[in-house]
Structures are given as C-alpha cells and as structure tokens.
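# An overview of the molecular structure
In case you want the letters, here they are:
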Amino acid sequence: MGLVFGLLWLFTGFLQGARGQGVYAPPTVRFVHSGHTCNVEEERYSEKVYTIREGETLELQCLVTGHPHPQVRWTKTVGGASDLQGESTLFNETLKISNISRHQGGRYYCKAENGLGSPAIRSIRVDVYYLDQPIITVHQSVGEAKEQFYSERTVFLRCVAASHPPVLYSWRRGHEALTQGSDAGVEIYEPFFTQGETKILKLKNLRPQDYAGYTCISSVRSVCGIGDKSAHFSLNNRTAPPSIKLLLEDPLVVNPGETITLKCVASGGDPAPSLEWVRPGGAELPKRSVVSGGLLTIPTVTVDDGGAFSCVASNNVGNPARKSTSILVRGLRKGRFWITPDPYHNDDNIQIGREVKVSCQVEATPPEELQFVWLKNGRPVKSSERMVITHSDTELLPGTTHLDIIDLKFTDFGTYTCVASLRNHRGTPEISIDVNISSTTVPPKLSVPRGRSHLVAREGDTVELQCLVSGKPKPILLWSRGEEGGATAAAAPILMPDGSPQTESADGVLRIHNVTRDTGGTYRCRTSQYNGFNVKPREALIQLVVHYPPTVEPVFTEVRQALSRAFSLTCQLLLAHPARLLRYEWKLGARLLTVGQFSEQRDETSYLVKALNREGYGEYTCDITNEAGAGRCTFLVTGKAYAPEFYYDTVGALWQNRPRIYGFRLQWTQMEPGAVDRILAYRLGIRQMSQSRWWEQEIPMEASVQKGELLSYNLTELIKPESYLVRLTPITRYGEGDATERIITYSAPVNPQLREFQCGFEDEALCLFSQDKADEFDWTHHSANRRDTKYTPNTGPSADHHGSKQGFYMYIETSRPRLEGDKARLLSPTFNMNPKTSSSSSVTYCFSFYYHMYGKHVGALNVFLRQRAPAVTDTSVWSRTGNQRDRWRQATVNIHPTATFQMVMEGVRGTGIEGDIAIDDVTIKEGECKDPSPNNLSSLSPPSSLHIWQLCVTLNLALIGWQR
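Right, let's walk through the structure included here. (Residues numbered from 1 in each chain as written. Predicted model: local features only at pLDDT ≥ 70, side-chain atom pairs only at ≥ 80, totals over all residues. Heavy atoms only, no water.)

### Quick notes on the packing of aromatic side chains
Inspection of every chain in the model, using the stated rule, returns 20 aromatic pairs. Summarising the aromatic geometry, the rings of tyrosine 617 and tyrosine 734 are spaced 4.8 Å apart at their centres and angled 70° between planes, so their arrangement reads as edge-to-face. Here tyrosine 617 is found in the loop between strand 48 (604–609) and strand 49 (618–626), whereas its partner tyrosine 734 is found in the loop between strand 57 (724–732) and strand 58 (735–736), with 117 residues between them in sequence. The partly exposed category is assigned to tyrosine 734, whose relative accessible area is 34%. With a centroid separation of 5.6 Å and an interplanar angle of 40°, the aromatic rings of phenylalanine 831 and phenylalanine 901 are classed as tilted. Here phenylalanine 831, found in the loop between strand 64 (823–827) and strand 65 (845–853), pairs with phenylalanine 901, found in strand 69 (residues 901–908); they are 70 residues apart in sequence, far enough to count as distant. (Phe/Tyr/Trp six-rings, centres within 6.5 Å; stacked < 30°, edge-to-face > 60°. Helix = DSSP H or I, 4+ residues; strand = E, 2+ residues; numbered from the N terminus. Buried < 20%, exposed > 50% of the residue type's maximum accessible area, 1.4 Å probe, protein only.)

Here you go:
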C-alpha cells in the first residue's frame, strides 16, 4: 500500500503543479506585414523577405502570444547600428518607418520575452528598392590622353546609376536603339570589375555619324513600380574636358577684417563646365561665405578662415579640373622664451665666463614675413662675435630666434627683449618678450609645501594642489596624472579632471572643483622649458585621496507582504572610503529600530520582521555611514496586491450579440496572488476612448485566486465600432492594489488564411460558417442565458465552453417538429491549399473543437472532410454517439486534404427531445495535433476523485498480483 500511496501522491502533486501553472506560457512570435509592400516572399531559411520602394512607409507587425503578455523590442543589423535609435515604435508590436531610405534596409529582429522560457526571436529582411537618375561620363583611352581629344580617337560613354536591384542599361543614338553587333563601330559591354553596375558604350575611331545625341536608359524592370530613368549627352567635334584658371595671387595674404574674393573661370570644355568651391577633407566653407558660380566672397575675414581652397570644374567629360590656392590671414600668436645654460658644464647655474643662450618663439602668419629685433635694456642689439643672433630652420622650430651670449661678462647682465613683428605691416600688434639675465638668475627648484603631499578630500569639495617653484625666471608648471614611480610606456595616459592630458599653471596651483572618487590618485607637477631654464624638468608628486559615502543596494525596492508573515530586509554594502568604522541604523519611518557597527568580515546588514502587523507597513530605511557620509537602502513594505495580467491569447474573446452592440470576454491572471492577503474583489473601470467618464463596478472573488488561474468577466453593451479603455484593480484587506489597463478595439469578423483558423461563434457572422441547404433542419446560434429549460431540463449546456452564460455556441434543438434521424449540417468556410504544396502530396492539419452531448435521447455528432477535386466528396473523420454527460469535451483529429476543402459538422436527432448537441471553439491549424483523439474515445480530462479511487484500486490489485 505504501507504494500505491506514494504513486498517488506524486500523481496528485503533478496535477496541482499543472493547475498552478495555469495559462502561463512562454512567448511566440510571427510577422504580419502591412503598408506599401511590393512583395513578401514565403519563408526561406525560417526568414521572410519584405520588399519596399524607397520613400514608402514600412510597417511591420510582430504578433506575439504568451502569458504574461510579452514585452516586444525591435533591433536591426546591417545598414547602421543607430537606425532605430529614438524610434518611438522601438518597443511597440508595430514598427513603422515613414519615408524609408535605402540605408534603412537590412535585417530586423522582433524579440518578445515575458520571463518564461527563452525569448522568442524572429527576423525579417527588408529590401529597399530604388533607382537614382543615371549620369553619363565621357572618357578617352589613357594611352591617347595627350593627343587631341576627339580627332579619330576611341572614346567611351559610361552610364552609372545607383540602384537596388541591379540596374539594366540600354543605349539610343538619336532615335536609333544601339545593341551589341548592330553597328561595327560601336561596342556595348560591362567591365568585369563593375559587373552589373555600369554600362559602357565604346565608339571606335569616331566617324561623322558618331557625333550625335546619346541617351542612356536605366531600368529595374518596373519592380516595385519603379519606372525607367534616362540621361542625355550630345557628342560633337568640340567636346572637351574642362579647364580652369584662378584670377588671384597664390597664396593670397590678407589682413584680418578685410573682405576677400576668390575668382575662378572656365578656360575650356564642352559642354560648359559647372564650377564650385570646396575645402580639403570636405570641410565646410566659412559660414559668411557667398558663392556665385566661380566667385567666392568672404567678408570680414578672420584668422580661422585661413587655409586651402579649391575650385573644381566638371562637365562629365574626362576628369574634373581642380586648382587650389591658399589664404593667409596675417597675425602673431603665442610668444614664449627659454634660457639654455652652458651645455658643456654639468651644473645649471649662470656664471661669468660661461655661454648662455636666450631663445624666443612666436607663431606667425605668413611665417616668411616674421622678423625679430633684440634689445638690451631697451637698446638694439646687433650680432657680433660675443652676441650671436641666429634664426632656426623654419621646418624644425618655425618662428624661433636665438641670442647666444659667449663668455658672459658682468656687463652683459640686464633685460633682453625679443620683439616680433610682421614685415611691412603696421596693422598687426608686435609681441614683446622680456628676459632678465643677472647674477640672481638661478635654475628652477620644485617642492611641495609641508603637509600637502598627501591630501584628503570628500566628494563634492574643492581642493587645491600646490607645488612651490623657485628660480629666475620663474617657469610655467605642467600638471598631469599618473602612478607614483612613473607609468609604463604602453599604458594609456590618465586624463586630467577637465579631460586634457595636461594642464598649465602659472602660479603653481591646480584647483579641482567638485572632486569625485574618480579624480583621486597621483598628480605630477613638472617644470616646463618655456618661460624658464631649458634644463632637465623638475617634478614632484601629490597624492589625492577622496573619501566618499558608502554605496549600497538596493537603493529602493518594494516589498509586498501579507499580514502575520515573517520576512527579512537586507542592505548590501558595495563601496565605501574609508571602509572602516562603518555603522548602520534601521528605521521604520521616524522610529528607530536597531543600530550596530560593521565588522571587517561583514558587507551587509539585515532586519527581521517576525510577524507583520498593520503598524509594520511603511518605509524602512537602512543608513550605512562612514566619515564621508551615509548610503541609504529604502524598502517600501506594502500589502498592495500586484497588478493583474490581461490574457491576450483568448480565442474568440470578441463577439456580436446585437446589430449595434458587441461584447468582450475579459480574461486575466493575477501576478503573485500568494504574496499578499487574499484578493477579495476586483474593481472594474471602463470608459469609451472618446469620452472621459469612467463607469466602475466590483467583481467579487468568492474563493482564493490561485497563481495561473484564468479569471474572466463578460463585458456587454459595448457600442460598435467604439474602443474602450478597461482598468482592473485588485482589492485586499490592505486596500486597492496596482491597476492594469488595456484597450479593447472592435473589428469586424474576418476569415483568416488557413495557417490558423479559430472560431468561437461569438459573432453573428459565425466566422463565415453556413447552413447546409440539403439537410432537414439548421444549427442554432445560442447562449446559455437564452436557454429555456422548461421542457427539457436535463439537456444542453448551462454555459459555453469557457463557463460564461453570456458566451455563444452552436447547438441543435431536438424538440418537435424534429423526428428521429433528422440531420443538421453546419459548413465551415472553404479553405484553399497552400499554393506551394504539390497536389500529389497532402498537408496535415489539426482540426479540433469542443462538444457537449447531454441527455438520454442524444443521437450522434459526425464530422466530415468535404473536398472538391473536382467532384465533391465527404469523408468521415470523427464521430460520437449517445449521452456524454453534462460537460464540455474536446475532440482533436488530424486531417489530410489534397484539394480545396470544408469541414462539415453534422448533428443527428436521437429518439426523443432530451438530446441537444452543442459545439464551440472550432480550430484548424497547420501541422499535426499534439494529442489526437481516437474516434471511439473522448479526449482526456483531469481525473475526478472517482478516477483517482479507481486508480488506487487498480494499482492495489496489481501490487497484490505482483506479491503473489
């Protein structure tokens, strides 16, 4: 017996687990296209190819199933990773791109996920078709380029047009169509290296008849409705490539503030070439520029406007002609100096009898106009044997002059001034640099103030890093970041807080505002050769330590709990500096709960609530503190119920019950119903989308809602074709929970293609089912709330298959005047076979429906497959007779049509009036049934207590037999 009860326990446990899962299902995805598609090829390699013309609207719909309703995200490869950035449809089930361009073609992926199983991903390739206006260019063979262009020479006319799909070219000379072989002096071919992209017309040794008008016609064969396009070129004995000349000086040297005009004229070419001005590298022309053909005018020129400018002439004959010029805007910028002690002595001091070099550098435009004058104590210095003035090579140190003082004497001490100016131009201010050479001139020394080599700051503070520099003249300091001891050559430099590799400082102070943990580390100050001695740089290091408050998680989380339950809250420490002397403090609102201190081994703290009461709801905070501040975890403990999850995969959820009225079966499951107190009711709100007024009512829940349990409620009296916003809010002892909203949109019933057909008989059109005119009576469209049990109380269903009294189904009424054996036949719509399926082989479809056969006089329910090939034949595929008890059962059967077909549902009247038969939720899907029902058995249903008792007896008898 122990074995029996063990097996029974496993079996019942399985049933409970299945019930708990309910209608939860992982996501599935399929594509539906709309918009201005040219063609959608059938799936190949599990992918569809969608073709659209450039400029049209791309609209792809990703139909998803699964519960909870999956979240959808669109992504794309090929054609640019940023194409979908900013798209408002990125997270919608419908992706819409207006005025699509060619670069937006590629492979689009629809990804649906709902947390169950793996995400469902389907892809579709979008081909954007286009055809640009063709361009004809004329060329001469390279070997003859130096000869007269068109005097008994071979020329080529090349036609190019960007397109997708590949373009087809044709040529005409005047009104004459040119084809390969039609004229001995003409060849038409496609070069191997540009196969399918260009078409070249070769004219061999030009003849008089070759001087004519030529037309290139490009075509993509009207695919996507794209018409042909053409280009024209007139070839004559004057046809020549362009040539140009510039009517200006090169380079053009101007003063700041002047207005300059660059003039370019075409000196040859037929047809007349077009002219344009460009800058190297595709840089833009100055914003103030005015361009008129070959004239470029730049008013109020600035230093930034200087540089190279090119005039380009093109007439599609030969290569474009290009000539360039440069604009030099006069100016002087950035003057600096440095002193080089005697390089032949080891020390860096300036001493009598030694050599000293003073260097001065200035940036100048144009550099050849730069001139220097040296002064000593305000008087000019001329080059001599002891005072040698030289200028550096402009390629090595442009704009640099040197004053070498050989055998320094006491009388040489003084102030030396380097004066830079532009020759013959008084409008530019001079740059004057003073350098003092005296007995007090000393090389630089660098140090860090006492106690300032290790600084501690808090995040958000402003700190000053200081290096003291001495020496005459005082050098500029350069600040940079790096590790102590120097970084390796391969290591990338650490940027300064302002993002630059290094920062200059004249006063030796580096100020950092609003320091962060990322700005901490080692800083290096170093002397520069500029404005100082040209000696080995002096440097010093400063360590900056930034203290910051603890970083914790979770920063905020919501905890849902039922009354009287125990639960624990945990606050995790991630980062902190300093990471010692950390304390924690738990509060509920303003009420202190507990305090403590972290040990070195701990990185989290928890608070336990043993039994939650009403006063225990609220906001719990945990503050973890150090010297720099506090990090806070916040937990909002609430008894609010989670949001309901609407069920979108309902078959036949929409129905029509009156000409202008429709209804909707609203179905949902409850997210984590066991997390909080039992849900007592749902508040249902509904409003018409065009109005603002809400109508509300409560839907009571008599029993506890289970996880995965499918709940339903029928909405009635909805006006066609209006849409409605529905809001559902769970209610517990705590109060209202999170609400969920969805939009219900009416759409007229349609008969979908055969890939999947579903009908719940909820609409008056009956999904295009029809009555057979050759039978004795008709099936009746009915719902349980219209059922009259006065005369036949023990017959017919009390609700539709989903348990709704408002839901509809089809049934046969067997009361008088019906006679035994009378038949009622209901015919499905006519379905065509998949056109890609060979007529010699059949395709398997799964046909399923629910039936209800209750009453002591029940006759028979028969299903036939009716085919037209070419004669009409009915083949029996399923049958059931007699009383099947008061419940709905499902029938599934595989059918194998080979031609256009219908399904015939035949009800046969039994021996008396207590014998109604009903059907509901008819489905036809491509593919085999997962569990087809045999003709003599109904489909399996969950076992009742009687079934489980019978199983126990069977297992017990088997066990006894096994023991014997």
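### Let's talk about the pairing of strand 49
Inspection of the sheet shows strand 46 (residues 583–588) paired to strand 49 by six bridges, in the antiparallel sense. Bridged to tryptophan 586 within strand 49 is cysteine 622. Pairing between strand 49 and strand 50 (residues 629–638): nine bridges, direction antiparallel. Across the sheet, cysteine 622 pairs through a bridge with cysteine 633, a residue of strand 50. (Pairing = 2+ DSSP bridges.)

### Some points on the nonpolar core
Ranked by internal contacts, the top residues of the largest apolar core, which has 35 residues, are Trp779, Phe847, Phe849 and Ile919. Per element, the largest residue contribution to this core is five residues, and it comes from strand 65. Each residue touching isoleucine 919, except ones within four places of it in the same chain, is listed here: Phe761, Trp779, Tyr809, Met810, Leu826, Phe849, Tyr850, Tyr851, Leu861, Trp888 and Met905. Ile350, Val358, Phe372 and Phe413 belong to the second-largest nonpolar core, a separate cluster that totals 28 residues. (Core = buried A, V, L, I, M, F, W, Y, C linked by side-chain atoms within 4.5 Å. Contact = heavy atoms within 4.5 Å.)

### Let's talk about the pattern of salt bridges
Taken as a whole and assessed by the stated rule, the structure comprises 37 salt bridges. Among the ionic pairs, arginine 866 bridges to aspartate 874, the shortest N-O distance being 2.8 Å. The exposure class assigned to arginine 866 is buried, which follows from its relative accessible area of 13%. Classification of aspartate 874 as partly exposed rests on a relative accessible area of 40%. Each of Arg173, Glu176, Asp183, Arg207 and Asp210 takes part in a single network of salt bridges with overlapping partners. (Salt bridge = Lys/Arg side-chain N within 4 Å of Asp/Glu carboxyl O.)

### Concerning the pairing of strand 59 (residues 740–744)
Two faces, one strand: in a regular strand the side chains alternate between the faces of the sheet. By the alternation rule, side chains of strand 59 split into Thr740, Arg742 and Ile744, which are all buried, and Glu741 and Ile743, of which none is buried. Both strand 57 and strand 59 contribute to a ladder of five bridges, which runs antiparallel. Residue arginine 727 lies in a different strand from strand 59, and its bridge partner there is glutamate 741.

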